[in-house]
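Fold and geometry: a report
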Amino acid sequence: MAAVWLRFRVELRSRWRALLALALLVGIAGGATLAAVAGARRTDTAFSRLLEDTKAADILVNPDLGTGSPLRGSEIARLPQVAEAGREDGLVMLPANARNPDGFGITLASRGSAGFAFGRKKVLEGRMPDPRRAREVLINPVLADQQGLEVGDRLPAVALSNDEFARLDSGEFPS
């Protein structure tokens, strides 16, 4: 047994740099593997955590005729399969300084719990707008970047009627 230890010490003295490099390589590879596994676990649960945090809706009923649709929210809410129901009305808005239709968006106005009690938006900065304050809105990051907006800034906007939106949709920009 003493001969084995003697041989081991001789090899260790002559190859310590290679053994140290091998140990470092194994440590770095092990650390990278543990980080990848932790990242995969977090990614695997990200969508379910988002659904839980926002109380995402399972279905969206979006009739083509808007408020002229024969669908009635009260009838949908009474269905036995429906746990919660709400309504958000859409309005086409353009930033007042827009010179082309690229800056337009649909503004959703909640009628009650939709967007607040369930179907909440993921807020990246600031807070959800107060539903009792008509001048507070939540905008997406793309519009914020396009218009150079920060939390608390004002965005002058104009609303388009259905006829104006139809002209916009056909390529004519309303003046």
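What comes next is a walk through the structure. Bear in mind that the values here come from a model prediction, so they are computed numbers and not experimental data.

Parameters and conventions
- Residues numbered from 1 in each chain as written.
- Predicted model: local features only at pLDDT ≥ 70, side-chain atom pairs only at ≥ 80, totals over all residues.
- Heavy atoms only, no water.
- Helix = DSSP H or I, 4+ residues; strand = E, 2+ residues; numbered from the N terminus.
- Buried < 20%, exposed > 50% of the residue type's maximum accessible area, 1.4 Å probe, protein only.
- Contact = heavy atoms within 4.5 Å.
- Areas by Shrake-Rupley, 256 points an atom, 1.4 Å probe, with all protein chains shown as cover.
- Phe/Tyr/Trp six-rings, centres within 6.5 Å; stacked < 30°, edge-to-face > 60°.
- Patch = residues over 30% accessible without salt bridge, like charges linked within 9 Å, V, L, I, M, F, W, Y side chains within 5 Å.
- Salt bridge = Lys/Arg side-chain N within 4 Å of Asp/Glu carboxyl O.
- Lys, Arg positive; Asp, Glu negative; His and termini not counted.
- Charge placed at Lys NZ, Arg CZ, Asp CG, Glu CD.
- Pairing = 2+ DSSP bridges.
- Axes fitted to C-alpha atoms, helices over the stretch in contact; angles between N-to-C directions.
- 1 Å grid on protein atoms, 1.4 Å probe; cavity = no way out; pocket = protein on both sides within 12 Å on 5 of 7 lines; lining within 4 Å.
- Points joined across faces, edges and corners; volume = space filled by probe spheres on them.
- Nonpolar A, V, L, I, M, F, W, Y, C, P; charged D, E, K, R; others polar.
- Expected span 1.5 Å × (residues − 1).
- Bend = angle between axes of the 7 residues up to and from the residue.

Description of the overall build of the chain
From N to C terminus, the chain includes four helices and three strands. Reading the secondary structure of the chain in the N-to-C direction produces α-α-β-β-α-β-α. Burial analysis of the chain (175 residues in total) assigns 11% to the buried set. A fraction of 50% describes how many contacts in the chain between residues 6 or more apart in sequence connect residues 24 or more apart. A total of about 14400 Å² of accessible surface is found on the chain, and carbon and sulfur atoms cover 58% of it.

Focus: the side chain of Thr-54
You can see Thr-54 is positioned in helix H1 (residues 2–54). Sequence-distant contacts of Thr-54, that is, excluding residues within four places in its chain, are made with Phe-118, Gly-119 and Arg-120.

Things to note about the packing of aromatic side chains
The full count for this structure, using the stated rule, is one aromatic pair. Ring centres 5.8 Å apart and planes at 85 degrees place the aromatic pair Trp-5 and Phe-8 in the edge-to-face group. Here the residue Trp-5 and the residue Phe-8 both occupy positions in helix H1, the gap between them amounting to three residues, near one helical turn.

Observations regarding a negative patch on the surface
Where like charges cluster on the molecular surface, the negative patch consists of Glu-125, Asp-145, Glu-150 and Asp-153. Checked against the element boundaries, Asp-153 lands in the loop between helix H3 (141–147) and strand E3 (157–159).

Some remarks on the sheet that holds strand E2 (residues 105–110)
Strand order in the open sheet formed by three strands is E2-E1-E3, with antiparallel pairing between adjacent strands. At either margin of the open sheet sits one strand with a lone partner, and together these are E2 and E3. On average, each strand axis in the sheet is tilted by 45 degrees relative to the strand beside it, whichever way the strands run. As paired elements, strand E1 (residues 88–95) and E2 share six bridges and run antiparallel to each other.

Observations concerning the pairing of E1
As paired elements, E1 and E3 share three bridges and run antiparallel to each other. Bridging across to E3, Met-93 finds its partner in Ala-159.

Some words on the layout of surface pockets
Volume-wise, the second largest pocket comes out at about 1600 Å³. Surrounding the second largest pocket, 44 residues form its lining, Leu-60, Val-61, Gly-86, Arg-87 and Glu-88 being those nearest its centre. Within the residue set of the lining of the second largest pocket, elements represented by two or more residues are helix H2 (73–77), E1, E2 and helix H4 (162–169). Broken down by element, the lining of the second largest pocket gets its largest block of residues, five residues, from E1. Tallied by class, residues from the lining of the second largest pocket come to 23 nonpolar, twelve polar and nine charged.

Topic: H1
The end-to-end C-alpha separation of H1 is 68 Å, well short of the 78 Å expected for 53 residues at 1.5 Å each. Of all the bends in H1, the largest measures some 80 degrees and sits at Arg-15. Of the residues one or two after H1, Lys-55 is the one with positive phi, at around 50 degrees.

Quick word on the environment of Met-128
Inspection of the secondary structure puts Met-128 in the loop between E2 and H3. Residue Met-128 is classed as partly exposed on the basis of its relative accessible area, which comes to 25%. If sequence neighbours within four positions are ignored, Met-128 has contacts with Gly-115, Phe-116, Lys-121, Val-123 and Leu-138.

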